[in-house]
Amino acid sequence: MKISRERCVACGNCTYVCPMGAIYIDPVLKRATINRDECVECYACYNGLSQEHLNPTMVRTVRRVFAALRIRFEPEPDVCPTAAFEPDELTWPRVVRRAFSDPSVPHESTGVEGRGTEEVKTNDVTGRVKVGEVGFTIEFGRPGVGVRFHEIQQMCWALAEAKVSFEKKNPVTSLMSDVSTGTLRPDILGEKVMSAIVEIKVPVERTEEIVHLVWEVEKKLDTVIALGVATRCGEHGEEDVVAPVLERLGYKIERAKTNIGLGRIVESAAEPAPEAAHV
Amino acid sequence: MTNTLHRFGDAESFRDDYIVFALPTKSKKDPNALPKLRRFLEIALEYKPVNLGDARHGGALRSSKSLSPLSHWKRDMAPDFQAVIRGLDAPTSCAAVFDNPEAAEKFVKRIKEEDLGISVNVSTSIEGAARCCNFACIDRHSVGYSLGFEGKTEKIPDSQVAALSTMCGHGMISHSFAKKMIDFVKENRRTPDQAVTYLSRFCSCGIFNPSRAKRILEDARTKAQ
């Protein structure tokens, strides 16, 4: 993302809306400026701020007069008054930032459509997580902290060493140069993204082991993790296998997403369930 | 993506937060997915949702690329639910957000009766989802638990800011902006209703809950937890 120096009037609205806090008013330039190393190309500034197309010279003059009179200039807080944001032409590897950060674009850089995967949201159709299995979503950088791929790689290494199955169609898996070791492409390791999800599947008996592994690795990382654990319910909708394990580990489960099983396979579309990348 | 799952708060704080979403399966394409999703949204409208959205175009309140300067004095704050339904042009995840259990339960029951054949999920407290399923006589198929946030949690701001910002699971609502809106309400520079509309416009898939956000902002005004 770029900010036009000709159009920016340094109103400061964009400094608040950047989820990474990467925008500031440069005291010398007197313009909003992006810290490109911290920017994750999420486009929250460009997509989220409404745009006016006011004359920048006029707005600067009005602001100067108001400031001299100590009058507070208070525009709507979700507006860029001069439409100063300009999308940048992103190249590899920086384009990975946008793929993992801007929910409005598909994962072109990774070859996977969509920002994440369907997990168990379509489990009633895909049969991806079966009875006796547990799917983990280990999400890095959320909420509002961000993560660099070299940190994600540490978790991938540990998981690969534990011989888990990485979800094959997951965007992080697609960036692995070696799935058997969980090693990511070296050219993306320094890239920062809003969040990224590593997905694995294990037999239910390994739930506790995986949680302990995540706890061990997360201590070494400089970011936050949101952990999700998914499983197939029993014949009558009961789930009394995984939740007790999680509660024993000290988790108080406050929220869940529940697939209510209304999906059906359309006859003409029937095909095998997606595979996991086994190591 | 886990965008509806990891909301900051305890089960009690989700008492007015029910997201029901439908999505087609990418690997098993349904040629009728689009009309089914549109029907899902149309039915949702009958149960008075507080937000409606699709993952490609956003929710019922969206930012504008050509805002009139007059909007600073007279901003349109009404959600446009019909625009969401009209704008749905490709199969994608579609969501309806409700702020009371009765509406969510009745909607789930109706969706079951409608038998659209697409996957439907309920994202809320475990008890809330269970009540929806019981009301509709549905046996849960699968469940994805949120275990909350861990790791360097000192990087997460205070609970009211986090409760607001995590209502966009894609992270488009920044902590700073959520804090700014709390401050605006505390200083009486904006009403909670106005602050909620500013926040809503950043959510890119329509799962932001304006009713819950308003309650959080009103609580924050007096620092009630």
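Source: prediction; values computed, not measured.

1. A short note on the overall build of chain B
Step number 1: Secondary structure summary: chain B contains eight helices and five strands in total.
Step number 2: Taken over the C-alpha atoms alone, chain B extends approximately 50 × 40 × 30 Å along its principal axes.
Step number 3: The 225 residues of chain B split such that 60% are buried.

2. Here's the deal with the environment of Leu147 of chain B
Step number 1: With respect to the element layout, Leu147 of chain B can be found in strand β5 (residues 142–151).
Step number 2: Setting aside chain neighbours within four positions, we find Leu147 of chain B in contact with Leu227, Gly228, Val229, Leu246 and Tyr251 of chain A.

3. Here we look at the pairing of β5 of chain B
Step number 1: The buried count for β5 of chain B comes to nine of 10 residues, which makes it a mostly enclosed element.
Step number 2: When strand β14 (residues 224–232) of chain A meets β5 of chain B, the two strands line up antiparallel, connected through eight bridges. Bridged to Ala226 of chain A within β5 of chain B is Phe149 of chain B.
Step number 3: By the bridge criterion, five bridges tie strand β15 (residues 255–259) of chain A to β5 of chain B in an arrangement that is antiparallel. Across the sheet, residue Ala256 of chain A finds its bridge partner in β5 of chain B, namely Tyr145 of chain B.

4. What to know about helix α8 (residues 210–221) of chain B
All names here are of chain B.
Step number 1: Over its 12 residues, α8 runs 16 Å from end to end, which matches the ideal 16 Å to within 8%, given 1.5 Å per residue.
Step number 2: Within α8, burial applies to Pro210, Arg212, Ala213, Lys214, Arg215, Ile216, Leu217 and Ala220.
Step number 3: Immediately downstream of α8, the backbone of Lys223 shows phi near 65 degrees, a positive value.

5. Side note on the interface of chain B and chain A
Step number 1: Of the residues lining the interface, 74 residues belong to chain B; the matching set on chain A comes to 82 residues.
Step number 2: Of all the secondary structure elements, the ones that give two or more residues to the side of chain B that touches chain A are α3 (101–114), β4 (119–125), α4 (126–135), β5, α5 (159–165) and α6 (175–186) of chain B.
Step number 3: The element contributing the most residues to the side of chain B that touches chain A is β5 of chain B, with nine residues.
Step number 4: Its residues placed into classes, the side of chain B that touches chain A shows 27 nonpolar, 31 polar and 16 charged.
Step number 5: Judged from the five bridges that link them, β15 of chain A and β4 of chain B form a sheet pairing that is antiparallel. Bridging from a neighbouring strand, Thr258 of chain A pairs with Val122 of chain B of β4 of chain B.

Conventions used here
Residues numbered from 1 in each chain as written. Chains lettered and ligands numbered in written order. Predicted model: local features only at pLDDT ≥ 70, side-chain atom pairs only at ≥ 80, totals over all residues. Helix = DSSP H or I, 4+ residues; strand = E, 2+ residues; numbered from the N terminus. Buried ≥ 20, exposed ≤ 12 C-beta atoms within 10 Å, placed from the backbone. Contact = placed C-beta atoms within 7 Å. Pairing = 2+ DSSP bridges. Expected span 1.5 Å × (residues − 1). Nonpolar A, V, L, I, M, F, W, Y, C, P; charged D, E, K, R; others polar.

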